[in-house]
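Per-entry structural report
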Amino acid sequence: MSPPAARQRYIANKHENNSLLKKPKKFLNATLRRENEKSGAAKTNNRKYQNERSPENVNVGVHTAFKTFVSARLCSAICADISDCDETYNYWEPLHYIIYGQGLQTWEYSPQYALRSYTYILLQGVPGWIYERIFHPTPILIFYMVRCMLGFGCALMERFMYKSICQEFGVHIGRLWLIFQLFSAGMFISSTALLPSSFAMYFGCASLAAWWQQMYALSVFFMAIATLLGWPFAVLIGLPIAIDMLWRKQMFRTFFMWSAISAATICIPMIVIDSSYFGKLTFAPLNILWYNVFTGHGPNLYGTEPWSYYIVNGFLNFNIIWISPVKYSTPDLRPDMLLSLLTPMMLVIDFIVVPAKTKSTLNFPRYITLAPYYLWLVVFISQPHKEERFLFPIYPLISLCGAITVDVYQRIFYRLKTLMVQIKAGTVGSHYLDHTMFIAILVMVIGTLLGLSRVFSLYRNYHAPMDLIMELNHFKNSNEYRSSRLYNVCVGKDWYRYPGSFFLPARNFRIRFLKSEFRGLLPAYYVDGENATRITHPYFNDMNQENDYMYFPYENCHFLIDFEADKCTSLEPCYSKDSKDWSVMKSLPFLIQEKSNSFFRAFYIPFLTDSYTVYGNFNLLKSIKK
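Residues numbered from 1 in each chain as written. Predicted model: local features only at pLDDT ≥ 70, side-chain atom pairs only at ≥ 80, totals over all residues. Heavy atoms only, no water.

The name an unreviewed UniProt entry gives the chain is Mannosyltransferase, with Glossina austeni as the organism. A UniProt comment under Sequence similarities (unreviewed entry) is attached to the chain, and it reads "Belongs to the glycosyltransferase 22 family." (UniProt positions renumbered as here; feature names shortened; annotations may be inferred.)

Before going further, it helps to spend a moment on a nonpolar patch on the surface. Taken together, the side chains of Val-126, Trp-129, Ile-130, Ile-134 and Phe-135 make up a nonpolar region of the molecular surface, amounting to roughly 500 Å² of accessible area. Topologically, Ile-130 is positioned in helix α5 (residues 118-135). For Ile-130, a relative accessible area of 39% puts it in the partly exposed group. (Patch = residues over 30% accessible without salt bridge, like charges linked within 9 Å, V, L, I, M, F, W, Y side chains within 5 Å. Areas by Shrake-Rupley, 256 points an atom, 1.4 Å probe, with all protein chains shown as cover. Salt bridge = Lys/Arg side-chain N within 4 Å of Asp/Glu carboxyl O. Helix = DSSP H or I, 4+ residues; strand = E, 2+ residues; numbered from the N terminus. Buried < 20%, exposed > 50% of the residue type's maximum accessible area, 1.4 Å probe, protein only.)

Assignment of secondary structure puts Leu-104 in strand β1 (residues 104-105). Taking C-alpha positions, Leu-104 is 5.3 Å from Ala-524, a pair spaced 420 residues apart along the chain.

Time to look at the packing of helix α6 (residues 139-168) against helix α7 (residues 171-182). Between α6 and α7, the shortest axis-to-axis distance is 7 Å and the interhelical angle comes to 150°. Considering the angle they form, α6 stands roughly antiparallel to α7. Here α6 contributes Glu-158, Met-161, Tyr-162, Ile-165 and Cys-166 to the contact with α7, which in turn contributes Val-171, Ile-173, Gly-174, Arg-175, Trp-177, Leu-178 and Gln-181. Split by residue class, the contact of α6 with α7 holds 8 nonpolar, 2 polar and 2 charged. (Axes fitted to C-alpha atoms, helices over the stretch in contact; angles between N-to-C directions. Parallel < 35°, antiparallel > 145°, perpendicular 65-115°, else oblique. Contact = heavy atoms within 4.5 Å. Nonpolar A, V, L, I, M, F, W, Y, C, P; charged D, E, K, R; others polar.)

The subject of this paragraph is the pairing of strand β4 (residues 487-491). Buried residues dominate β4, accounting for 5 of its 5 residues. On β4, burial covers both faces: Tyr-487, Val-489 and Val-491 on one face and Asn-488 and Cys-490 on the other are all buried. Sheet topology places β4 next to strand β5 (residues 509-513); 5 bridges connect them, and they run parallel. Note on β5: the bridge partner recorded for Asn-488 is Arg-510. Bridging between β4 and strand β7 (residues 559-564) involves 3 bridges; their strand directions are parallel. Within β7, the position partnered with Cys-490 by the bridge is Leu-560. (Pairing = 2+ DSSP bridges.)

Put into structure tokens, the structure is as follows:
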């Protein structure tokens, strides 16, 4: 069902251009050469003009694309907030412990459960540890250095994928994918997140890119990294690769040999490192699979959502590339037409309406190259536990399917136009892109504007916690600060907005949890001394049951982070209004979701958003008595 390949047209045009540049052979006599020049001058000039002006030949070079990816990902590293508290407590805190010997520990890192791998943390931690030992920077600089490193790694993956998409799917689809990736709010969030799902995206999509270029050994190795070092569920992305190698190509030797090499290369060091940290034989990917698949409570304790959760979330992160158009009703978003999800149906229509005139030059049929995307959606939409980060591994594939669908729309439009207005083949402008680029440009412009609007809205509405806690660095430089004193920075109901210990100015600042309406299990500090990662604590459990050990006495707080939204209870009082105990060091606006319009809080529209959104004060309080 493959449509006419853009790659074939690109190769043909390139060959034709090259043939124009060839010098005539010396043995041709001058008369024959002049006659050929006269008779073919019009055709040659016509072909040359057509090839030069055709949108198919306007290609963005791989190196240029890489520079744009690096620029976009560095912007993400600097400006993106931490959107998931799991990133803070399960990854940034253990990383802080590895570098500084101090940090919060969650139950997943308790030796009795051992769901998380220290090997994955060390991959990010070793460069940060070296940076700290050589230059002795402040912790916040290490935080942003690690983020920039993640962004650069993501840009490398996107460069590799861009090249593969241009070769396998066509230059035009590659251009569309490039624009969709650069201005996607989803990629802005996921590209620099310290999460296994982002890591699985880097190497899972790199594996697909290697597969599309028929680099099978590299594809297997990258998939092993994504699955074993990153996230075990990334194996879903690799299933179509395995089917292609074992069933279609029957490459049994290559598949099993490189699977064994990859497993040995990754698993042996991983087991040795994790077993050393946990004090017992440990294989973390197996533990997390067992907990989430084979226990009755694993996937159902947290964040259960309806199937529409991913539909709404996909629109927020990919706008019209995911859903087009959309009807809005407060407070829900209801999709009418799914752009990237329509790709299979659109390819069928394309095959019927615009049949291929020649044999396709694609290395793989569409049904298998796009299978990882739809397989992932089927599995994760059916799961009760849904989170935004669960879709991170397929974010580049959303852009790809959206680009393919736009290309199909263009071909179908051109086909219908030719049925109504006869366009003679071979004349200037007969290429379908000459008549349909307005469709691609319209989608790119709308997608870019909505993507930038969403990114700006995220920064404007939710970046306050990261900016606020950095105010403690000014306190550290003041005359009030004492290096010999331990300062307790407390959080209550806003515990999940805490950005991490890297934002604390020194080791004598500690984050503390106050009792609130939340009834789940909070993290606790690693104990001091050697082998802290091997100690089993009685206050941890895998049922998300509250334990009072994690709570700190209110009267011992030196600083307090409090979001003032006029919702006060006995366990969550309005600390900011207690002027006898607290003074406001700094206050920043933070969105109150319940009082804001669902569309205007998601996208920033100049001159309109402020009329439909309400902000509260996110305050950093300093104890007057202490």
